[in-house]
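Understanding the architecture of this molecule
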Amino acid sequence: MTQLSPAQKPAAGATAEPTAKPANKESTKSLYGGTSSRRVTVRDIAAAKERGEKWPMLTAYDAMTASVFDESGIPVLLVGDSMGNCHLGYESTVPVTMDEITILSAAVVRGTKRALVVADLPFGSYQEGPVQALRNATRLVKEAGVGAVKLEGGERSAHQVELLVSSGIPVMAHVGLTPQSVHAYGGYPVQGRGEEAAQQLLRDAKAVQDAGAFAVVLEAVPAELAAEVTRSLHIPTVGIGAGLDCDAQVLVWTDMVGLNAGRVPRFVKQYLQLRELLGGAAREFAEDVVGGAFPAEEHTFH
């Protein structure tokens, strides 16, 4: 048995306290898996870039799903206008309205405690110019409680980004394939192929950085170009179909879990087949009802 020296012995009547374990500072700082209970901020995003930490981002459109992702440690949740395709039944993101984005963004904020919630500015809510962008972004911050907004476009949207940031609203930019321009593209083609297109994409990314964006999404961009953009910027890049070298990666959550029907985009990895699981549960429930097995005695009041 180890003997305590007089200096180590507790005073008479006092109870010896266990030695406290040193805090894991890296765990506290980390975006994914961090221990801090406060909201992730754009300063945390910038610090992660300096540390070289990669981080995940998912979309969310309701409080319950958002709470699951928040509890799983996802540091940034995007209330994307992708809700048009995978939540509201539209054929594209174009019809999504400010009312729809605001209502669902507020639900995601209510369902989370730690994640930085970023809301998309939908098509038609910022294209008129900086003043329109500020009016609608302010609504998302005040009514929905989001911590940042996202808008599409590089050089063409730089003035909007600049005014929002100077007004105190953090902005995540989005270049490369911008889905709100689906009618102009005639689909969803890969962007930045060829020298001229690559140089334009690089100019777009630098333009939103210079305007004050805290991060930029690169969608459907050749991996080599995305790597070059990532090296060229001091703000984080968030890839979706842009290769491994981006600072972060985002997926639409219904794509990630296999809930959407139809063709799976090349850049999507499905981690679950939720559509099949839900369908099976629904069929099992229906068969129990039809066969008289549900409700059973344990589900019944007397």
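Please refer to the structure placed before this passage.
So, here is what we can say about the structure in this document. All of these numbers come straight from a predicted model, not from anything done at the bench.

What counts and what doesn't
Residues numbered from 1 in each chain as written. Predicted model: local features only at pLDDT ≥ 70, side-chain atom pairs only at ≥ 80, totals over all residues. Heavy atoms only, no water. Helix = DSSP H or I, 4+ residues; strand = E, 2+ residues; numbered from the N terminus. Buried < 20%, exposed > 50% of the residue type's maximum accessible area, 1.4 Å probe, protein only. Areas by Shrake-Rupley, 256 points an atom, 1.4 Å probe, with all protein chains shown as cover. Contact = heavy atoms within 4.5 Å. Salt bridge = Lys/Arg side-chain N within 4 Å of Asp/Glu carboxyl O. Core = buried A, V, L, I, M, F, W, Y, C linked by side-chain atoms within 4.5 Å. Arc of directions from axis to C-beta. Phe/Tyr/Trp six-rings, centres within 6.5 Å; stacked < 30°, edge-to-face > 60°. Pairing = 2+ DSSP bridges. Axes fitted to C-alpha atoms, helices over the stretch in contact; angles between N-to-C directions. Polar contact = N/O pair within 3.5 Å; in protein donor to acceptor, adjacent residues only side chain to side chain. Right-handed = clockwise from strand over helix to strand, strands pointing away.

The next subject is the overall build of the protein chain. A tally of regular secondary structure across the protein chain gives twelve helices and eight strands. Relative to its 302 residues, the protein chain shows a buried fraction of 47%. With an accessible surface of roughly 16,500 Å², the protein chain has 56% of that area assigned to carbon and sulfur atoms.

The topology assignment puts leucine 202 in helix α9 (residues 195-211). When its relative accessible area of 9% is taken as the criterion, leucine 202 is described as buried. Sequence separation between leucine 202 and glycine 192 is ten residues, and the spatial gap between their C-alpha atoms is 8.8 Å. Excluding anything up to four places from it in sequence, leucine 202 contacts Glu228, Val229 and Ser232.

Counted under the stated rule, the structure contains six salt bridges. Its salt-bridge partner being arginine 51, residue glutamate 53 comes within 2.4 Å of it at the nearest N-O pair. Residue class for glutamate 53 comes out buried when judged on its relative accessible area of 16%.

Let us look at unusual backbone geometry. Residue proline 295 is reached from phenylalanine 294 by a cis peptide bond, and omega for that bond is 5 degrees. Tracing the backbone through its elements, the reader meets proline 295 in the segment after α12 (274-291). Here alanine 220, not a glycine, exhibits a phi torsion of approximately 50 degrees, which is positive. Given the relative accessible area of 8%, alanine 220 is considered buried.

Moving on, we come to the nonpolar core. Residues Leu77, Leu121, Val149, Leu164 and Leu218 are the most contacted members of the largest nonpolar core, which totals 59 residues. Once residues lying within four places of it in the same chain are set aside, the contact partners of leucine 77 are Leu58, Ala60, Ala66, Phe69, Val108, Thr112, Ala115, Leu116, Val117 and Val118. Counting 19 residues, the second largest nonpolar core, distinct from the first, contains Trp55, Val118, Ala215 and Ile240.

Our next topic: helix α2 (residues 42-51). Because each turn of an α-helix spans 3.6 residues, side chains separated by three or four positions end up pointing in the same direction. Taken as a whole, α2 has its buried residues at Asp44, Ile45, Ala48 and Lys49. Along the long axis of α2, the arc covered by the buried residues comes to 145 degrees, so they all point the same way. Away from its buried face, by an angle of more than 90 degrees, α2 presents the exposed residues Arg43 and Glu50. In the core, the buried residues of α2 are packed alongside β1 (55-59), β2 (76-79), β3 (116-120) and α10 (223-232). Once α2 finishes, glycine 52 follows within two positions and takes phi at roughly 80 degrees, a positive value.

Here the focus is the packing of aromatic side chains. Geometrically, a pair of aromatic rings is defined through the distance of the ring centres and the angle of the planes. On inspection of all chains with the given rule, the structure shows two aromatic pairs. A centroid spacing of 5.9 Å and a plane angle of 70 degrees characterise the contact between phenylalanine 285 and phenylalanine 294, whose relative ring orientation is edge-to-face. Phenylalanine 294 gets classed as partly exposed once you look at its relative accessible area, which sits at 36%.

Glancing now at the sheet that holds β2. If you trace the eight strands once around the closed barrel, you get β1-β2-β3-β4-β5-β6-β7-β8, paired in parallel fashion. Across the sheet, the axes of successive neighbouring strands diverge by a mean angle of 25 degrees, strand direction being ignored.

What follows covers the environment of serine 166. As for its placement among the helices and strands, serine 166 is situated in helix α7 (residues 158-166). Sequence separation between serine 166 and alanine 211 is 45 residues, and the spatial gap between their C-alpha atoms is 9.3 Å. Within the structure, the side chain of serine 166 is placed 2.9 Å from the backbone oxygen of leucine 163, a separation counted as a polar contact.

With respect to the secondary-structure elements, threonine 93 resides in the loop between α4 (83-86) and α5 (98-110). Each residue touching threonine 93, except ones within four places of it in the same chain, is listed here: Asp81, Ser82, Asn85, Pro179 and Gln180.

The next point concerns the side chain of serine 125. The topology assignment puts serine 125 in the loop between β3 and α6 (130-144). Aside from chain neighbours lying at most four places away, what touches serine 125 is Met98, Gln132, Ala133 and Asn136.

Another aspect to go through is the environment of proline 95. Of note, proline 95 is situated in the loop between α4 and α5. Between the alpha carbons of proline 95 and aspartate 81 there is a distance of 9.1 Å; along the sequence they are 14 residues apart.

Time to look at the pairing of strand β7 (residues 237-240). Of the two faces of β7, the one lined by Thr237 and Gly239 and the one lined by Val238 and Ile240 are each fully buried. Examined bridge by bridge, strand β6 (residues 215-219) and β7 share four bridges and lie parallel to one another. Looking at β7, one finds that valine 217 is bridged to valine 238. Note on the crossover from β6 through α10 to β7: the handedness is right-handed. With two bridges connecting them, β7 and strand β8 (residues 248-251) associate as parallel partners. Residue pairing in the sheet places valine 238 in a bridge with alanine 248 of β8.

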